[in-house]
Each structure stands twice: as structure tokens, then as C-alpha cells.
Amino acid sequence: MDLAYTEEEQEFRARLREWLAAVLPGLPAKPAPDDWPGRRAYDTAWQRMLYDAGYAGLHWPVDAGGRGATPTQHLIFLEETELAGAPYVGANFVGLLHAGPTIAAEGTAEQRARWLPPVLRGDEIWCQGFSEPDAGSDLAALRTRAVRDGDHYVVSGSKIWTSHAEVADWCELLVRTDPAAPRHRGISWLAMEMDTPGVTVRPLRTLAGSTEFAEMFLDEVRVPVSHRVGAENDGWRVTMVTLSFERGTAFVGEVVACRRTLAALAAEARRTGGWDDPVLRRRLGRLNAEFRALWRLTQWNVGEAQRAGAGGVPGTGGSVFKLRYSHARQELYEAAAEVLGADGADLDREWVLDRLSSLSYTIAAGTSQIQRNIVAERILGLPKGR
């Protein structure tokens, strides 16, 4: 594993740092967590700044509107923006990290020309319509139906945990187009406009009090056949492309953030006297080793993709990373609760809401059980369980 950066990569890092130092002090204050119109405006304005500076879709192919940067340059970008305290993708994350890269990899020339530029500029927001109330992480059990009617599909069903549906313009939607086919077949990947008649969105409030998820009900929604990405009934394969991006580099910035949080926790423990407890010191030391190892695993995954010429599509190694990271993040914020002591129940204290949100990480982007199956079957070559 070669962890050295080339001269070109070091120059890229230096230019990025210089740009971030120049623009970040001029950003407005972040809107309140429950101000979704404000959050959309804030996130899309930052995306436009990235676009104008040439950093939007950094690792996307040039013919998809990106810069065609190497995976290592993308890793540097994620690391430096997090270290500088730059805004995260926020409401843009489905379009930038899931739908956009999928369309770049699987869409037609017309689809790429229609949907990718607005994503890169921050003009349009996407949400994800994959999970269903009776399916969850068993994605192949989805029941939302799409019946072909001329040049349209008529879609009926429901979705849950639809990320950013409140402010989205488009939805990456999985539907069943052939109910008689085996469950991993007969699925299609559609792009649906959220203001289409028949779409109803009901926000869901999380344990942390936020509403970034929603229920979505579809009552005979007409979606043009031209909005299907990939062939009819080939949606499962297209979805695996989407999920490979979701489990690939999507959490890289959060690893950097966790390492910063860990350093702050150690400083807080020294201030309050908790550092005198050898059990706590060992716990924080082990977490430090854990996140350093996760960062090295990220670099290894990126290096493998770069050497293999994977075209920007992450491999199954992302599942190894996501599996361990989900649990490490939960352990980090359990340690934070220990450091905070009685203040660990005060929602106004730093890290408390992060602790609540960390509970979802072993479910989001595929449960840990699903990740273990992927590792066992696709990496270790073990037979499928019954």
C-alpha cells in the first residue's frame, strides 16, 4: 500500500487549501436544523461556489461534467474540506453522491445532459426512494408497482426513509415492473419529478428531532419511460451501482470529523479530570487506533480503484469500511457520553445529538447484517446462507 502523495497531488492540496481559506470566512451563518428552505438555499449556494471554482463533481468523468480527478485527488478534497470546516453536501448528497454518479455511469447521453449539470450547479435536489415499510434493507422485497401505459409508467406504492424529500426536485425511485419475475429481477430504476400529481410527502421526525427523512406515497403517478435509467427490469444491477457509491467514499469526510471529535474528547477529559481514569484512556486510545486504521483502509480502497482503473465506481471494499465505521462511530459517541457524564443527556451539549444520530449508522446505507453478507459472499466467496 503506497501512502505517499505525488507532487501533483500535493500541489492540488495546496491550491485547495488556499481557496478554502479565502472563501470560508465569507460564508453566511448556517440556518437552523429545522429550517429546510434555508438549509436548501445554504447547501445549494455552497454547491454553486464549488461549481464556479471547478471543484464540483471533482471525480466525475469529464464527459459527465466533472474534472476527471483521480480517486486520490477526490480523497484529498474530502479530507481538506472537512479539516477546514467547510459545509458538507447537505441536501445535495443524494444527487451528488448517489443519483448523479449512477446516471453518469448508466444513463444515456440525453439523460446525462439533462440531469447532471443541474446537480453539479446546485440547481436541483434529489431524494432517494428505495426503502419501503415492508422491505427495509431487504431491498429486493420492494412492492411499489410500475405498469407500462404507452410512453409512461403508472406508479403506485409507498416509500419510507426518503432522504430530503421535503426539498427535493427529483427522486431516484425503484419500482417493480415485472411482478412475475424473481424478486431480484423485474425491478427498474426511474427518475421521478417530485411535483408530479399523485406524490404525497409526509416528514418523519428522528430521535434527534430532525426531519431529513419522509414517508412518500405514490398514487398512480405517471413517469415517462424516457426517465428510466438502464433497461426495463435491469434495475437491480443499476441499483448495485448506486449502492456502491453510497458505501464507497460517502463516509470519508465523516471519518475525518470523527478523528477531530476524538481529539476534542481527549482534551475535554483532561480538562474535567476524566483522563485520570485508565479505563477511559485505554478506550480513547483504542478508538484512535480504530479511526487511523479506517483512514488507512479508505486510502487502500482508493488506491485499489485507481490502480484498477475502476472508472470511479467503488468496489466491494466499501462494505468492509462501512461495516466497521458504523460501529466505530457508535463507540465514539458512547465514549463521549462517558466523558460528558451527567451532561450527556443535555441536548444542548456538544456531541449529544451526534450520539443519537450515530444509532442509525448500523442501519443506514444497508444494515450491518447486509454488509456482512456482502463481505462473506462477494469478498470471501462463502456460499449464500439459507
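In this text the structure is predicted, and so the values were computed from the model without any measurement.

S.K.: Describe the overall build of the chain, and please don't skip the residues or the numbers.
M.R.: The secondary structure content of the chain amounts to 11 helices and eight strands. By the burial criterion, 49% of the 386 residues in the chain qualify as buried. Relative to all contacts within the chain whose residues are 6 or more apart in sequence, the contacts with residues 24 or more apart total 72%. Total accessible area on the chain stands at roughly 18100 Å², and carbon and sulfur atoms take up 52% of it.

S.K.: Run through the environment of Arg114, naming residues and quoting values.
M.R.: Mapped onto the elements, Arg114 comes out in helix H5 (residues 109–121). Looking at Arg114, the relative accessible area reads 36%, which means it is partly exposed. Within the local environment of Arg114, its side chain forms a polar contact with the side chain of Glu124, the two groups lying 3.0 Å apart.

S.K.: Can you break down the nonpolar core residue by residue, with the values?
M.R.: For soluble globular proteins, nonpolar side chains are generally found buried alongside one another. In terms of nonpolar packing, the biggest core is built from 68 residues, with Trp126, Trp189 and Phe291 touching the most fellow members. For this core, the element with the highest residue contribution is helix H9 (residues 317–340), accounting for nine residues. Trp36, Ala146, Tyr153 and Met192 belong to the second-largest nonpolar core, a separate cluster that totals 23 residues.

S.K.: Mind laying out the pattern of salt bridges, listing which residues take part and the relevant values?
M.R.: Within the structure shown, the criterion is met by 21 salt bridges. Between Glu132 and Lys159 there is a salt bridge whose closest N-O contact spans 2.9 Å. Residue Glu132 is located in the loop between strand E1 (126–129) and strand E2 (145–149), and its partner Lys159 is located in strand E3 (residues 152–159); the two are separated by 27 residues in the primary sequence. Lys159 matches Glu132 in its accessibility class, with the two residues each being buried. Two residues, Asp149 and Arg222, come together in a salt bridge whose shortest N-O distance is 3.0 Å. Of this pair, Asp149 sits in strand E2 while Arg222 sits in strand E7 (residues 213–224), placing them 73 residues apart in sequence. Given a relative accessible area of 38%, Arg222 falls into the partly exposed group. Several salt bridges converge on common partners, so that one network encompasses Arg13, Arg17, Glu79 and Glu80.

S.K.: Can you break down the side chain of Glu9 residue by residue, with the values?
M.R.: Considering the arrangement of structural elements, one finds Glu9 in helix H1 (residues 7–23). At 7.5 Å, Arg13 is the nearest oppositely charged side chain to Glu9, a buried residue that forms no salt bridge. A polar contact is formed between the side chain of Glu9 and the backbone nitrogen of Thr6, at a distance of 2.9 Å.

S.K.: Any details on the pairing of E7? Residues and values, ideally.
M.R.: Pairing between E3 and E7: seven bridges, direction antiparallel. Each bridged residue has a counterpart across the sheet, and for Tyr153 the counterpart in E7 is Val223.

S.K.: So, the packing of aromatic side chains: which residues are in play, and what are the values?
M.R.: Tallying each qualifying case throughout the model produces eight aromatic pairs. Taken together, a centroid distance of 6.3 Å and an interplanar angle of 70 degrees make the contact between Phe12 and Tyr55 edge-to-face. You can see Phe12 sitting in helix H1 and its partner Tyr55 sitting in the loop between helix H2 (36–53) and helix H3 (71–83), a full 43 residues away along the chain. Using a relative accessible area of 8% as the deciding quantity, one classes Tyr55 as buried.

S.K.: Can you lay out helix H7 (residues 252–272) for me, pointing to particular residues and giving the numbers?
M.R.: Because an α-helix completes one turn every 3.6 residues, residues spaced three or four positions apart along the sequence face the same direction. The terminal C-alpha atoms of H7, which comprises 21 residues, lie 31 Å apart, in line with the 30 Å expected from a rise of 1.5 Å per residue. Looking only at H7, the buried set comprises Val252, Gly253, Glu254, Val255, Val256, Cys258, Thr261, Leu262, Leu265, Ala266, Glu268 and Ala269. One or two residues past the end of H7 sits Gly273, with phi positive at roughly 95 degrees.

S.K.: Break down H3 for me, with residues and values.
M.R.: If you check H3, its first and last C-alpha atoms are 18 Å apart, about what 13 residues at 1.5 Å a residue would give, namely 18 Å. Across the 13 residues of H3, 11 count as buried, placing the element largely inside the fold. The complete set of buried residues in H3 reads Thr72, Gln73, His74, Leu75, Ile76, Phe77, Leu78, Glu79, Glu80, Thr81 and Glu82. Positioned one or two residues after H3, Gly85 has a phi angle of 75 degrees, which is positive.

S.K.: So what about the confidence of the model for the chain? Which residues, and what values?
M.R.: Parts of the model with low pLDDT should not have their predicted coordinates read in detail. Overall, the predicted model of the chain reaches an average pLDDT of 85, with 84% of residues at or above 70. Looking over the chain, one finds the lowest element-wise mean pLDDT in helix H11 (residues 368–379), namely 68, and the highest in strand E8 (residues 228–229), namely 98.

S.K.: Would you mind going over the side chain of Glu290 in detail, with residue names and values included?
M.R.: Turning to its location among the elements, Glu290 is positioned in helix H8 (residues 278–308). Note on Glu290: relative accessible area 16%, which makes it buried.

S.K.: So what's going on with the packing of helix H4 (residues 93–106) against H5? Residues and values would help.
M.R.: Running from N to C, H4 and H5 point in directions that differ by 155 degrees, and their axes come no closer than 10 Å. Overall, the two elements H4 and H5 adopt an arrangement that is roughly antiparallel. Seen from above, H4 lies across H5 with left-handed handedness. Note on element contacts: H5 touches H4 through Gln111, Arg112, Trp115, Leu116, Val119 and Leu120, opposite Gly95, Leu96, Gly100, Ile103, Ala104 and Ala105. Residue composition of the contact of H4 with H5, by class: eight nonpolar, three polar and one charged.

The rules behind each value
- Residues numbered from 1 in each chain as written.
- Predicted model: local features only at pLDDT ≥ 70, side-chain atom pairs only at ≥ 80, totals over all residues.
- Heavy atoms only, no water.
- Helix = DSSP H or I, 4+ residues; strand = E, 2+ residues; numbered from the N terminus.
- Buried < 20%, exposed > 50% of the residue type's maximum accessible area, 1.4 Å probe, protein only.
- Contact = heavy atoms within 4.5 Å.
- Areas by Shrake-Rupley, 256 points an atom, 1.4 Å probe, with all protein chains shown as cover.
- Polar contact = N/O pair within 3.5 Å; in protein donor to acceptor, adjacent residues only side chain to side chain.
- Core = buried A, V, L, I, M, F, W, Y, C linked by side-chain atoms within 4.5 Å.
- Salt bridge = Lys/Arg side-chain N within 4 Å of Asp/Glu carboxyl O.
- Lys, Arg positive; Asp, Glu negative; His and termini not counted.
- Pairing = 2+ DSSP bridges.
- Phe/Tyr/Trp six-rings, centres within 6.5 Å; stacked < 30°, edge-to-face > 60°.
- Expected span 1.5 Å × (residues − 1).
- pLDDT = per-residue confidence, 0-100.
- Axes fitted to C-alpha atoms, helices over the stretch in contact; angles between N-to-C directions.
- Parallel < 35°, antiparallel > 145°, perpendicular 65-115°, else oblique.
- Left-handed = near helix turned anticlockwise from the far one by under 90°.
- Nonpolar A, V, L, I, M, F, W, Y, C, P; charged D, E, K, R; others polar.

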